[in-house]
Structure formats: structure tokens, C-alpha cells
Amino acid sequence: MEDAAIIALYWDRDESAIGESSAKYGPFCRTVALNILSVREDAEECVNDTWLRAWNAIPPARPSPLRAFFGKITRNLSLDRFRAARAQKRGSGNMELILEELGECVGGGDSVEGAFDARETAGVITRFLDGQQPLQRQIFLRRYWFGDGIADIAKRFGMREGTVKSNLFRTRERLREALEREGVAL
């Protein structure tokens, strides 16, 4: 089913919108959640919560593209669950490593000032990524947005794992330099 038809189902408050969303985007959302959480049951719960969030957001929203809308909801739900689990038991896994890698060039903050800084930083990162070669941008996003492992990225792009690691390292260094040029506190 086309995205416009799925959105129309949401606007009509037709419950089949959830089934159509799940059929078309469920595997994608499960991959995003599983890359972050590494626990199938938790990932599945986040995907189910995605459909509820979408139901509550559409209308008034008319998201385009729908895949990105669902992916963002799933990612945010999964990160919330990851942070909650980490706070409870300080677990480890792929996401812990990913956050550590990014922590080298992007700081964080839980205060109001930190939230403002995070929005400013997001803008700098977006502009930075827009200026990167498509392959570097895709590798960076696969790692730090989708949470893909190094081996998965290497396989996806037909590269050696060492090449992916080097590419990510150089991109993070360029990002750190861009953040410093923009006056973002690291």
C-alpha cells in the first residue's frame, strides 16, 4: 500500500492503518529497535509502541516520508528504553560502544541549557553531514543513527571492517573540528 493511502487510513481513524504500517514498515522498525536494544522482546515492544505513537500523532501530522517518521519514533522509543535499562543495571552492548564513540566529539546535557545546546549541536551536525560525500554520510548514519555494527556496514557497502572503522574515525574527527569551528562546547 502506498504511503498516502496509509496516512489516509490514519486520518479516517481506520484501525487497519496499524496493520498496513506494520506490514510495510515493521521489518525496518524492528531492525532499528534491535540494533539499539539487542533484545528481541524489547525491540518488538518498541515497534508496537511505534504504531500507538503514530496513531496519536496522525492526525494532525501528515508525515513525509512515512518510513523516516516511523523510524524516528522507533529509534526514540528504543533509545529511551536503552537509557532506562542502562540506568538500572549499567549493561553493555553495541549501543554503549556507539554512544562512547560519539561522546568523543559531541557532549550532552540534561539541563535546559543542555537541551538548547543539543538543538544547536543538531543543526551543526546536520549541516556537517549535508557537506559530506554520500558514502561517508551513509556510513556515519548507518552507525550512529541506525546503530548498525561495523561488520554489517562493511558488508552493506562491500568494504573491509578496518576501512569502515577508519572512515568513521576520520568523519568523527571532521565533525569534532566542525563543532569547534561553530563554537559548540565539547
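The structure we're discussing is the one just above.
Residues numbered from 1 in each chain as written. Predicted model: local features only at pLDDT ≥ 70, side-chain atom pairs only at ≥ 80, totals over all residues. Heavy atoms only, no water.

S.K.: Looking at this structure, how should I read the overall build of the protein?
M.R.: Check the secondary structure of the protein and you find 9 helices and 0 strands. Listing each helix as α and each strand as β along the protein from the N terminus yields α-α-α-α-α-α-α-α-α. Put simply, the protein shows about 10,800 Å² of open surface, and 50% of that area lies on carbon and sulfur atoms. (Helix = DSSP H or I, 4+ residues; strand = E, 2+ residues; numbered from the N terminus. Areas by Shrake-Rupley, 256 points an atom, 1.4 Å probe, with all protein chains shown as cover.)

S.K.: Even after reading the chapter, I still don't get helix H3 (residues 40–57), so can you show me in this structure?
M.R.: Given 3.6 residues per helical turn, the α-helix brings residues three or four places apart onto the same face. The terminal C-alpha atoms of H3 lie 25 Å apart, and with 18 residues this matches the ideal 26 Å at 1.5 Å per residue to within 8%. Within H3 the residues assigned to the buried category are Ala-43, Cys-46, Val-47, Thr-50, Trp-51, Ala-54 and Trp-55. (Expected span 1.5 Å × (residues − 1). Buried < 20%, exposed > 50% of the residue type's maximum accessible area, 1.4 Å probe, protein only.)

S.K.: Before we go on, may I ask you to explain the pattern of salt bridges in this structure?
M.R.: Opposite charge on two side chains allows them to pair when their charged atoms are near. Counted by the stated rule, this structure contains 9 salt bridges. For Lys-24, the salt bridge identified is with Asp-3, shortest N-O distance 2.9 Å. Within this pair, whereas Lys-24 is found in helix H2 (residues 16–37), its partner Asp-3 is found in helix H1 (residues 3–11), the two being separated by 21 residues in sequence. Here Lys-24 falls in the partly exposed class, since its relative accessible area comes to 36%. Using a relative accessible area of 21% as the deciding quantity, one classes Asp-3 as partly exposed. For Arg-81, the salt bridge is made with Asp-42, and the minimal N-O distance between the two is 3.4 Å. On the criterion of sequence distance, the pair formed by Arg-81 in helix H4 (residues 66–89) and Asp-42 in helix H3 is long-range, its members being 39 residues apart. Under the relative-accessibility criterion, Arg-81 is labelled partly exposed at 23%. Classification of Asp-42 as partly exposed rests on a relative accessible area of 25%. One network of salt bridges, with partners in common, ties together Asp-42, Glu-45 and Arg-81. (Salt bridge = Lys/Arg side-chain N within 4 Å of Asp/Glu carboxyl O.)

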